[in-house]
Amino acid sequence: MDKHNIHAPESHGSHGGSMKSYVIGFLFSIILTIIPLVVVMNDMLNKTATTVLILLMAVLQFLVQLIFFMHIRDEEKPRFNLMALIFGLVILLTIVAGSIWIMTYNTVAS
Amino acid sequence: MLDKLKEFASEFFVTGDPLILGAQVSIGLSLVAIIFALTFFKKWKWLWTEWLTSVDHKKIGIMYIIASLLMLFRGGVDALLMRMQLAAPQLEFLNAEHYNAIFTTHGVIMILFMAMPLMFGLFNIVVPLQIGARDVAFPFLNSLSFWMFFFGAMLFNVSFIIGGSPDAGWLAYPPLSELSGSPGLGQDFYIWGIQISGIGSLATGINFIVTILKMRAPGMKLMQMPMFIWSVLSSCITIIFAFPILTVTLFLLFLDRYLGAHFFTLDGGGNPMMYINLIWMWGHPEVYIVILPAFGIFSEVVSTFSKKKLFGYKSMVFALMSISFFSFFTWAHHFFTMGSGADVNAFFAITTMLIAIPTGVKVFNWLFTMYRGRITFSTPMMWAVAFIPCFVVGGMTGVMLSVAPADFQFHNSYFLIAHFHQVLIGGVVFGYFAGLYYWWPKMFGFRLHEGLGKWAFWFWNIGFYVCFMPQYALGLDGMTRRVNTYDFDMGWQPLNVISTVGAFLMGLAFIFQVWQIAHSIKFYKKEKDGDAWDGRTLEWSIPSPAPLYNFARLPQVRSQDDWWEEKQRKAKGEPAKPLAPLEPIHMPKNSGIPFIMSACWFTAGFGFVWDWKWMIVLGLGGVVVCMLARSFSYDTDYYIPVDEIERTEAALRGTK
Amino acid sequence: MAQAINKPAAGSHGGHGAGHGGRHEEHHDQEAMKTFGFWLFLITDVILFGTLFATFVVLRLNTDGGPTGAELIELNGIIISTFILLTSSFTSGVSVLEMNKGSKRGLILWLAITALLGAAFIYLEVAEFMHLVHEGATIGTSAYWSAFFTLVGTHGLHVTVGLVWMVALMLQLSRRGITPVTKRKVGIISLYWHFLDVVWIFVFTIVYLMGVM
């Protein structure tokens, strides 16, 4: 196809990126998977600390995929993709945290 | 062989009730009549090419509206049957099982198969026209959405003649809705009917967000969009975040029933309360999904019929968007009595009261728009004006219900019934009627008879108050919802009789509306000017009904209420905008895939209901084939050449 | 009705959109719009999985006296499938790079590698489920196992759909080459694939790692 399309600056979340960014992202995601594995398999920390740590690693890995693989930063303004994602994550947290909160104190059935 | 067939038929069809037998016979006869008429007048091909395969947003919108009015009829008959049963103590007009089935189907149909499609119908017809676009973002998906809704609704509706109606309430709380509580097939029809149409709703949500954000006419900034567009945007945002929750919740209930899972069962560690928690995470946003577009309609109508710019545009936008956000944080007020402790109840009581604030803001905006305006009381405006006091009272009783300690008294009483009917009829139904009357000339190119419309209006309004005001009192007197009868010594009869009279007044109002439509068709008078109400927004700048491509030239928008400003400039004698040369218009081709694919979903759903494996495989296989067929087809669009556009435009405008 | 004019540039959609600056802009807008629509679909999928996660977390202790996750889950197989899926996310990215270079062969090759890795992941998942069923944990065993199989299975189903889709796309690519339409299709399937990887990271963390802790 013509040049314009291939090097279009407005890469909508999927066309951009370079080999370098993919390799960096891949390495990061491997490291961020190994850390929680090692911590959990060897019982290195107490339960609360482990939980916090591995959830943190998962969130970081999510960000890595978002930035290095999905190129969320390349989006041009207005950033509707990012806005939709943030709103979605807020609702996601509401569903999970809200359910846990409500169901934990639920005294009718268990 | 014959005995086997008989046995099968007695299981397959619902038998033993004269009312249902009557319905079965009349449905059978009308089907035969329709098939005969289509064959006799040789209309099958026309039906298929012009309607069933159409991807034109205007036709899809009309099909949505026809379907929703049919559903309004069925839901309304359900309501009248219930009111008849309750008119006197100890009546045996409907037995308890039948009564349960009827209040369940009434609720599901009115919310999901009446309000939602009426809303989608208006979205479809109005949104592209108001933003100056030629179709929605994804016309094929739009057609798929409609057919998914339609077949889902049909799957739900056949249950009362085939297999048995669901009877566990409109939200089907477990454990009653589990296999142990509802061993019949009705609950499975419920799950699959809603599931299939829910997928369609989700797709519509995505479609219209993209349409609004990406397809506005050149020059139209976000803050210049008509208020109805803002309301559609906020409603669709709410749809895409709420409907996946419904999908999952129903799916889990399905797994419980079909595969013996233990999500919401009483045994096996399941927790029925989790279902209630999840379903209301969808259910509460859902009521805002249907009310938000009504707010948009009122804004358009009030502004047009007051001949004034909408008061407080920015505050209105802010109110709509904040409602769509905060609607996700109030769900637990539906189950204060579940016993999640004071902290949870206090939090959700406060969020519920907070969300009343942006709603109140809007009422003042409409009032100030009317203030010192040149008001004409045409039918759309009458509905808008009637809505305000009705919705204010409904909102106030809502705030009463939001007080968690008080809710322990109101919960599941007729007070609640009166409250939500007041916001849903007074808000949603009045709103959509206003929209229907307002945009009717744009849809069909003729006006509805005003006089009959006013009769319908007054019957609806008086009937509404006569029906529901007594129910507040009944609730406070201790009458609970979903009771099929009551004793003589409760003292509830007088108010119940009044309420029943009110319900029948609304039934009469519906007849007036049907009459109004029939009368207006019979005395058809072409509405020559596309601008029926001296409107303000782009849809009034083109002929009625709009041509296939809507706009021969895409409008160049300079301001809010652009068409109004344009007319003002013209009146002052300023030169009109120079006309750009016509270009060939790119249009999507019609496709039969959406219809066939939805029919396959229907087949699969029906198979799941009866647990007929071959039918499930057939249906789901068909779905996969349809998806692949679509993926492999690259020839999906065509151009309308310039000379054809010229001819069409000349024919449409030449008579003027 | 107008006769159809098939444009030689395969599937130049659009035109019923806001596109009005020549045909090239038109289909660019159209494809960008589809990508945005797909992104919104992914957000709805986030909510779908969020609801499943919420259910799993709420019901995680409800084993009804039956087997627990910690007793039956074998982490080794899961670790392998995790790395397989991570790698496939990377390879699907490489296929997009190949596409941007204009190499049709490279694109199809790397898509095929991605699909093979995905198939390996599904194979391991099916093997794990069969092992669990053999050990006496089915979807009807207890609320915990209902939630477990539904959450993990829904992810597996998404991967399977992705596989079918990928094969279909490879066929289309080999027939039609790299066009704006196939480019968009590759773009959205790679988004989908990265998204499934992210979901798996949370399944891995919350279901498996926290389950055996």
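In terms of regular secondary structure, chain C is built from six helices and zero strands. Starting at the N terminus and ending at the C terminus, chain C contains elements arranged as α-α-α-α-α-α. Residue pairs in contact within chain C that sit at least 24 positions apart in sequence constitute 78% of those at least 6 positions apart. Per element, the accessible surface of chain C, about 7300 Å² overall, is 65% carbon and sulfur.

This paragraph deals with the interface of chain B and chain A. Contacts between the two partners involve 27 residues from chain B, matched on the other side by 19 residues from chain A. For the interface between chain B and chain A, the tally reads zero salt bridges. Remark: the boundary between chain B and chain A carries two residue pairs in polar contact (both at pLDDT 80 or more). Only α7 (186-214), α8 (227-259), α9 (272-306) and α11 (341-370) of chain B provide two or more residues apiece to the side of chain B that touches chain A. When the residues that make up the side of chain B that touches chain A are grouped by side-chain class, the tally is 19 nonpolar, six polar and two charged.

Another aspect to go through is the environment of B:F243. Residue and element names in this part refer to chain B. Structurally, F243 is set in helix α8. Here F243 falls in the buried class, since its relative accessible area comes to 2%. Put simply, F243 and P285 are 42 residues apart on the chain and 9.1 Å apart in space, counted from C-alpha to C-alpha. Leaving out residues up to four positions away in the same chain, F243 has contacts with M116, G198, S201, L202, W282, E286 and I289.

Scanning the entire structure with this criterion turns up 109 aromatic pairs over all chains. Ring geometry for C:F56 against C:Y144: centres 5.6 Å apart, planes inclined by 50°, an arrangement best described as tilted. Separated by 88 residues along the polypeptide, C:F56 in helix α1 (residues 22-59) and C:Y144 in helix α5 (residues 143-176) bring together distant segments of the chain. Lying over the aromatic face of B:W564, B:R536 brings its terminal NZ or CZ to 4.6 Å of the ring centre. In this structure, C:R176 is placed above the aromatic ring of B:Y634, and the distance from its NZ or CZ to the ring centre is 3.8 Å.

We now examine the confidence of the model for chain B. Counting all residues, the mean pLDDT for chain B is 93, and 100% of those residues have values of 70 or more. Least confident of the elements in chain B is helix α1 (residues 2-12) of chain B, whose mean pLDDT is 83; most confident is α8(B), at 97.

This paragraph deals with the side chain of B:R134. Residues and elements named next belong to chain B. Tracing the backbone through its elements, the reader meets R134 in the loop between α5 (96-131) and α6 (139-158). Looking at R134, the relative accessible area reads 8%, which means it is buried. A polar atom in the side chain of R134 sits 2.9 Å from the backbone oxygen of F551. In terms of polar contacts, R134 uses its side chain to reach the backbone carbonyl oxygen of A552, at 3.0 Å.

Further remarks concern the interface of chain C and chain B. Across the contact, 54 residues belong to chain C and 53 residues belong to chain B. At the boundary of chain C with chain B, the tally comes to seven residue pairs in polar contact (both at pLDDT 80 or more). Those elements giving two or more residues to the side of chain C that touches chain B turn out to be α1, α5 and α6 (180-212) of chain C. If you tally residues by element for the side of chain C that touches chain B, the top one is α1(C), at 19 residues. A breakdown of the residues in the side of chain C that touches chain B according to their chemical character gives 23 nonpolar, 23 polar and eight charged.

Moving on to the nonpolar core. Core analysis: the largest hydrophobic core is formed by 297 residues, its most contacted members being B:F113, B:W282, B:W366, C:F148 and C:Y208. Per-domain counts for this core show at least three residues from each of domain 1 (2-74) and domain 2 (76-110) of chain A. In this view, B:W366 contacts B:F295, B:F298, B:S299, B:V302, B:L310, B:M316, B:F387 and B:I388; residues no more than four positions away in its chain are not counted. One finds B:L81, B:L86, B:L94 and B:Y414 within the second-largest nonpolar core, a separate group that totals 13 residues.

When their charged atoms lie close together, side chains carrying opposite charge are able to pair. All names here are of chain B. Under the criterion given, the structure shown has 16 salt bridges over all chains. Here D56 ties to K58 by a salt bridge, and the two come within 3.1 Å at their closest N and O atoms. For the salt bridge of R647 with D643, the shortest nitrogen-to-oxygen distance reads 3.6 Å. Here R647 pairs with D643, and both are found in helix α20 (residues 642-654), just four residues apart, close to one helical turn. Judged by its relative accessible area of 56%, R647 is exposed. Accessibility expressed as a relative area gives 42% for D643, which makes it partly exposed. Taken together, the salt bridges that share partners define one network made up of K307, D531, D534 and K567.

Procedures and definitions
Residues numbered from 1 in each chain as written. Chains lettered and ligands numbered in written order. Predicted model: local features only at pLDDT ≥ 70, side-chain atom pairs only at ≥ 80, totals over all residues. Heavy atoms only, no water. Helix = DSSP H or I, 4+ residues; strand = E, 2+ residues; numbered from the N terminus. Contact = heavy atoms within 4.5 Å. Areas by Shrake-Rupley, 256 points an atom, 1.4 Å probe, with all protein chains shown as cover. Salt bridge = Lys/Arg side-chain N within 4 Å of Asp/Glu carboxyl O. Polar contact = N/O pair within 3.5 Å; in protein donor to acceptor, adjacent residues only side chain to side chain. Nonpolar A, V, L, I, M, F, W, Y, C, P; charged D, E, K, R; others polar. Buried < 20%, exposed > 50% of the residue type's maximum accessible area, 1.4 Å probe, protein only. Phe/Tyr/Trp six-rings, centres within 6.5 Å; stacked < 30°, edge-to-face > 60°. Lys NZ or Arg CZ within 6 Å of the ring centre and 35° of its normal. pLDDT = per-residue confidence, 0-100. Core = buried A, V, L, I, M, F, W, Y, C linked by side-chain atoms within 4.5 Å. Domains from an automatic or database assignment.

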